[in-house]
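Survey of secondary and tertiary structure
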Amino acid sequence: MKQVTIISEDRLGVVAEICEALAAARVNIESIDAETVGGSAVTKLTVDRYDDALRALAQTPFHAISEEAIVLQLEDKPGELARITRRFKDAKISMRSVRIIRRATGTSIVAISTERTEEAMELVKDVMIS
Amino acid sequence: MAAIVDSPLGAEDQRRLDVLYDGIRHDAQTFIGYPCNPLFDYSPLFRFLSYPVNNVGDPFVVGNYHLNTHDFEREVLEELRRLTRAAADSFWGYVTNGGTEGNMYGIFLGRELFPEGLVYYSEDTHYSVSKILRCLHVRNIMIKSLPDGRIDLDDLRETIKIHRDVPPIIFANIGTTMKGAVDDLDGIRQSLDDLAIPQHYIHADAALSGMVLPFVDDPQPWDFAAGVDSIAISGHKMIGSPIPCGVALAKRSNVDRIARSVEYVGTLDTTLAGSRNGITPLFLWYAFRTVGFEGLRRRVHECFEVADYAIEQFRRIGRDAWRHRNSVTVVFARPLPPIIHKWQLAVHHEVAHIITMPHVTRAMIDELIDDIAQDSPNCAREDDP
């Protein structure tokens, strides 16, 4: 069972729209957990057909992130990203990519992919969303 | 000689083409959200469409495929060399399939020069760059943007500082997609100097603004004279073309360095594509000959006037709108979906834009403003009692 994290604006109906998109693709949701982080909605799903779920969500306005990426919640201020990437540098963990997924109400949601995901998760567990 | 067509197109197929043509002609009347200029007449060149013209390979290298337009392509590149203030003795380029190929070429060149390099780009960068970074498998970090769309230099500097042992490959936006913001190249170079990073590469995505800034009196730093190593400019945007096209421009010294590694695999073709469009270089050449630099300068300034007119009209109905200096992108609050659909507006989160390309008239702006005012009854019109 694999996890998909969906980042979107925080408004009514987001979870319903996600469920409708997945139902239309005949994807079963095994578990769902939605929360508000800063001004964004973060929905974590586990599904039975992972690739189909990602494909279906790619057709929606939502930003779906596969479980290969680590999703972090950071303060939206200069140098905050540098503070986190320094941890990777010091631990000699190479990052493949760092992407800002959404910024709202003083919070940045950032996705980091690396080839040593397990170790990387340990490094950033204080700010990790998924 | 064998018949070229075995059977004429059936009535149903012909009808479908007619419907398609009518739809395109109709939708062109409200086409103001994307940076394409449909005002062109390349009909004197249509005879070349009767031949399988193909500009395969490096336009500066003679090949065995003779049905090409390399001579004209080189003349186009020479015009662009002048516009981008590149040194005559260290310049190379080719006509691409569009802005994305030019950006891919720039990042490819940066990565070949610095295989361990890290690409830095702002969150306002065009979505296609994420795709390029994935295709090229190059390490990358997205940097925050300022509210006006420019890259946040503080964030960039702090992030580069952490990785100062790794050559930075800066992807600079010379006119962001949504807001037309020009990244502060002087500030970027100053940051690299302050951090004592001598090895770096700067690519400029000047898709639209690359054919705007050469024609203004006070351009932001953006070109080879401002220190960039490569530039991508679109041809179908300000110049105008029925077929998407663009140019990838680079310093020849850099291209020659990577050409050695290409030669190792048995070819000296340094372009990304194999077969290349041979018609679009003719379109660009024809535009330079018939519109010319003075015509383009006039065109750009007329676009600014329409942009300012649009901003005035938005403000007249109580809506804020703005544009960056030297930009034809007018940014305003995202309107309702029917308006987005009718006017083919590009939207991102809370904002939308129109781009006052040469075909956008004051009458089109008036109609858009009327639509927005009618759908937003709370908008106060200055001329309301």
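1. Quick notes on the overall build of chain A
Along its length, chain A carries four helices and seven strands. Listed N to C, the secondary structure of chain A is β-α-β-β-α-β-β-α-β-β-α in terms of helices and strands. Taken against the 2.2 N^0.38 rule, which gives 14 Å for 130 residues, the C-alpha radius of gyration of chain A at 15 Å falls within 12% of a compact globule. Considered along the principal axes of its C-alpha atoms, chain A spans approximately 45 × 30 × 20 Å. A total of 130 residues make up chain A; the buried ones form 32% of that total. Restricting the contact set of chain A to residue pairs at least 6 apart, pairs at least 24 apart contribute 68%.

2. Considerations on the environment of F72(B)
Secondary-structure assignment places F72(B) in helix 2 (residues 70-83). For the pair F72(B) and E158(B), spaced 86 residues apart in sequence, the C-alpha separation works out to 45 Å.

3. Topic: the environment of V37(A)
All names here are of chain A. If you trace the backbone, V37 turns up in strand 2 (residues 29-37). Here the alpha-carbon distance between V37 and I129, two residues 92 residues apart in the chain, equals 8.8 Å. If near-sequence neighbours (up to four positions away) are discounted, V37 is found in contact with V42, Q73, T107, I109 and I129.

4. Considerations on the domain arrangement of chain A
All names here are of chain A. Assigned domains within chain A: domain 1 (2-65) and domain 2 (69-123). Computed from C-alpha atoms alone, the centre-to-centre distance between domain 1 and domain 2 is 21 Å. Listed as interface residues are eight residues of domain 1 and, on the opposing side, 11 residues of domain 2. Residue composition of the side of domain 1 that touches domain 2, by class: three nonpolar, five polar and no charged.

5. A look at the domain arrangement of chain B
Residue and element names in this part refer to chain B. Considered domain by domain, chain B is made up of domain 1 (15-32 + 292-375) and domain 2 (46-290). Domain 1 and domain 2 are separated by 27 Å when their C-alpha centres are compared. With 15 residues of domain 1 at the interface, the matching set in domain 2 holds 14 residues. Those elements that place two or more of their residues in the side of domain 1 that touches domain 2 are helix 10 (292-316), strand 9 (329-333), strand 10 (346-348) and strand 11 (351-355). In terms of residue count, the dominant contributor to the side of domain 1 that touches domain 2 is helix 10 (four residues). Here the side of domain 1 that touches domain 2 is built from residues that sort into six nonpolar, seven polar and two charged.

6. Examining the packing of helix 10 of chain B against helix 12 (residues 362-375) of chain B
Residue and element names in this part refer to chain B. Between helix 10 and helix 12, the shortest axis-to-axis distance is 10 Å and the interhelical angle comes to 25°. Here helix 10 lies roughly parallel to helix 12, going by the angle between them. Considering the relative orientation of helix 10 and helix 12, their crossing is right-handed. Judged by residue contacts, V306, Y309, A310, Q313 and F314 of helix 10 engage R362, I365, D366 and I369 from helix 12.

7. Brief notes about the interface of chain B and chain A
Every contact between the two is made by 15 residues of chain B and, on the other side, 13 residues of chain A. Secondary structure elements with two or more residues in the side of chain B that touches chain A: strand 3 (139-143) and helix 5 (153-162) of chain B. Among the elements that make up the side of chain B that touches chain A, the one with the highest residue count is helix 5 of chain B (six residues). Per-class residue counts for the side of chain B that touches chain A are four nonpolar, three polar and eight charged. Taken together, the two bridges between strand 6 (residues 95-104) of chain A and strand 3 of chain B define a ladder with parallel strand orientation. Within the sheet, the bridge partner assigned to V98(A) lies in strand 3 of chain B and is I141(B).

8. Points about the sheet that holds strand 3 (residues 40-47) of chain A
Residue and element names in this part refer to chain A. Spatial strand order, 2-3-1-4: four strands in an open sheet with antiparallel pairing. Sheet topology places strand 2 and strand 4 (63-65) at the edges, where each strand pairs with a single neighbour. Strand-to-strand twist across the sheet, computed as the mean angle between neighbouring axes with direction ignored, equals 20°. Pairing geometry for strand 2 and strand 3, over eight bridges, is antiparallel. The partner of T36 across the bridge, within strand 3, is A41.

Criteria and thresholds
- Residues numbered from 1 in each chain as written.
- Chains lettered and ligands numbered in written order.
- Predicted model: local features only at pLDDT ≥ 70, side-chain atom pairs only at ≥ 80, totals over all residues.
- Helix = DSSP H or I, 4+ residues; strand = E, 2+ residues; numbered from the N terminus.
- Rg over C-alpha atoms; globule rule 2.2 N^0.38 Å.
- Buried ≥ 20, exposed ≤ 12 C-beta atoms within 10 Å, placed from the backbone.
- Contact = placed C-beta atoms within 7 Å.
- Domains from an automatic or database assignment.
- Nonpolar A, V, L, I, M, F, W, Y, C, P; charged D, E, K, R; others polar.
- Axes fitted to C-alpha atoms, helices over the stretch in contact; angles between N-to-C directions.
- Parallel < 35°, antiparallel > 145°, perpendicular 65-115°, else oblique.
- Left-handed = near helix turned anticlockwise from the far one by under 90°.
- Pairing = 2+ DSSP bridges.

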